[in-house]
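Listed below, chain by chain, are the residues.
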Amino acid sequence: MSFIADQTFKNHNYNETRLPKGEYENCIFKGCTFENGYLDNQNFMECEFLDCNLSNANLTNTTFKEVIFSHCKMLGLKFEDCNKFLMDFSFNNCIVNLSSFYGLTLKNQAFISCKLIEVDFTKADLIGAIFSESDLERATFNSTNLQKADFTRARNFIIDPEMNSLKNAKFSQDGLLGLLNKYKIKLE
């Protein structure tokens with residue numbers, strides 16, 4: 001496996017020609033397309049993906065350590081297929097709809113201004129996660145650890161307090177409806 005460091009990759013289409021297998025460290029991928037492509041068995045350390053399309057890419061055994069995704073389209077990704085060792089990433093202004101974080105440990109995970117529509121967070125450990133300005137419409141939270149998570153600026157979420165751990169989680173008054181949904185209570 002090649003070691004590639006401090007490189008910038010701009011406007012490459014990797015759904016036709018596969019990204020060479022390697023360990024990528026401190027690299028920037030800008031405007032690249034990986035849609036329906038293969039990122040499996042790759043290692044990304046301290047890398048940044050800007051304005052990339054990773055929708056439906058294969059992430060089997062992919063390592064993401066200190067990786068930042070900004071303004072990326074990331075539909076239908078199965079993050080639980082990634083290498084879980086040292087997994088650490090953040091999302092800023094990304095569309096992560098229809099993706100899955102099933103059973104992952106993502107303490108202090110940041111989702112800033114993201115669309116997380118129909119994302120599966122079932123059995124995930126999201127202690128201290130931040131969902132600032134993110135849209136969580138139809139996102140699934142089931143047996144999810146959301147202790148100390150911050151939902152004060154999140155919207156459209158529905159979370160069952162009886163099915164998830166919410167100790168010390170933060171919510172705005174507007175967000176209370178998302179916690180009381182199953183009870184069919186009307187707040188005025």
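Structure first, text after, so check above.
Note that the coordinates shown come from a computational prediction; the quantities given were computed from them, not determined experimentally.

### A short note on the overall build of the protein chain
1) Next: Assigned secondary structure in the protein chain consists of one helix and nine strands.
2) Next: Along the protein chain, helices (α) and strands (β) appear in the sequence β-β-β-β-β-β-β-β-β-α when read from the amino end.
3) Next: For the protein chain, the C-alpha radius of gyration of 17 Å lies close to 16 Å, the compact-globule estimate for 188 residues.
4) Next: Each principal axis of the C-alpha distribution contributes one length, and for the protein chain these read about 55 × 25 × 25 Å.
5) Next: Across the 188 residues in the protein chain, those meeting the buried criterion constitute 45%.
6) Next: Relative to all contacts within the protein chain whose residues are 6 or more apart in sequence, the contacts with residues 24 or more apart total 3%.

### Observations regarding unusual backbone geometry
1) Next: Not every positive phi belongs to a glycine, and asparagine 56 is a case in point at roughly 60°.
2) Next: Along the chain, asparagine 56 falls in the loop between β6 (48-50) and β7 (63-70).
3) Next: The exposure class of asparagine 56 is partly exposed, given its relative accessible area of 43%.
4) Next: Backbone geometry at asparagine 61 places phi at a positive 60°, although glycine is not the residue there.
5) Next: Relative to the assigned elements, asparagine 61 resides in the loop between β6 and β7.

### Section: the side chain of glutamine 42
1) Next: Along the chain, glutamine 42 falls in the loop between β4 (28-30) and β5 (43-45).
2) Next: Classification of glutamine 42 by relative accessible area gives buried; the value is 0%.
3) Next: Within the local environment of glutamine 42, its side chain forms a polar contact with the backbone oxygen of leucine 19, the two atoms lying 3.1 Å apart.
4) Next: Engagement of the side chain of glutamine 42 in a polar contact is seen with the backbone oxygen of proline 20, the distance being 3.3 Å.
5) Next: Those residues in contact with glutamine 42, other than ones at most four positions away along the chain, are Leu19, Pro20, Lys21, Gly22, Tyr24, Asn61, Thr62 and Thr63.

### Some details on the side chain of aspartate 40
1) Next: Structurally, aspartate 40 can be placed in the loop between β4 and β5.
2) Next: By relative accessible area, which is 12% here, aspartate 40 ends up buried.
3) Next: Side-chain polar atoms of aspartate 40 contact the side chain of arginine 18, separated by 2.6 Å.
4) Next: Among all residues touching aspartate 40, those that are not within four sequence positions of it are Arg18, Lys21, Asn58, Leu59, Thr60 and Thr62.

### Brief notes about the nonpolar core
1) Next: Ranked by internal contacts, the top residues of the largest apolar core, which has 54 residues, are Phe29, Phe49, Phe69, Phe79, Phe91, Phe101 and Phe121.
2) Next: Element by element, the count of residues in this core is highest for β7, at three residues.
3) Next: Excluding anything up to four places from it in sequence, phenylalanine 79 contacts Leu59, Met74, Met87, Phe89, Phe91, Val96, Ser99, Ser100, Phe101 and Leu104.

### A short note on the pattern of salt bridges
1) Next: Throughout the structure, instances matching the rule amount to five salt bridges.
2) Next: Salt-bridge contacts for glutamate 133 lead to arginine 153; the nearest nitrogen and oxygen are separated by 2.7 Å. Here arginine 153 lies in the loop between β9 (111-112) and α1 (176-180) and glutamate 133 lies in the loop between β9 and α1, a separation of 20 residues in the sequence.
3) Next: With relative accessibility at 31%, the residue glutamate 133 sits in the partly exposed group.
4) Next: With a closest N to O distance of 2.6 Å, arginine 138 and glutamate 137 form a salt bridge.

What counts as what
Residues numbered from 1 in each chain as written. Predicted model: local features only at pLDDT ≥ 70, side-chain atom pairs only at ≥ 80, totals over all residues. Heavy atoms only, no water. Helix = DSSP H or I, 4+ residues; strand = E, 2+ residues; numbered from the N terminus. Rg over C-alpha atoms; globule rule 2.2 N^0.38 Å. Buried < 20%, exposed > 50% of the residue type's maximum accessible area, 1.4 Å probe, protein only. Contact = heavy atoms within 4.5 Å. Polar contact = N/O pair within 3.5 Å; in protein donor to acceptor, adjacent residues only side chain to side chain. Core = buried A, V, L, I, M, F, W, Y, C linked by side-chain atoms within 4.5 Å. Salt bridge = Lys/Arg side-chain N within 4 Å of Asp/Glu carboxyl O.

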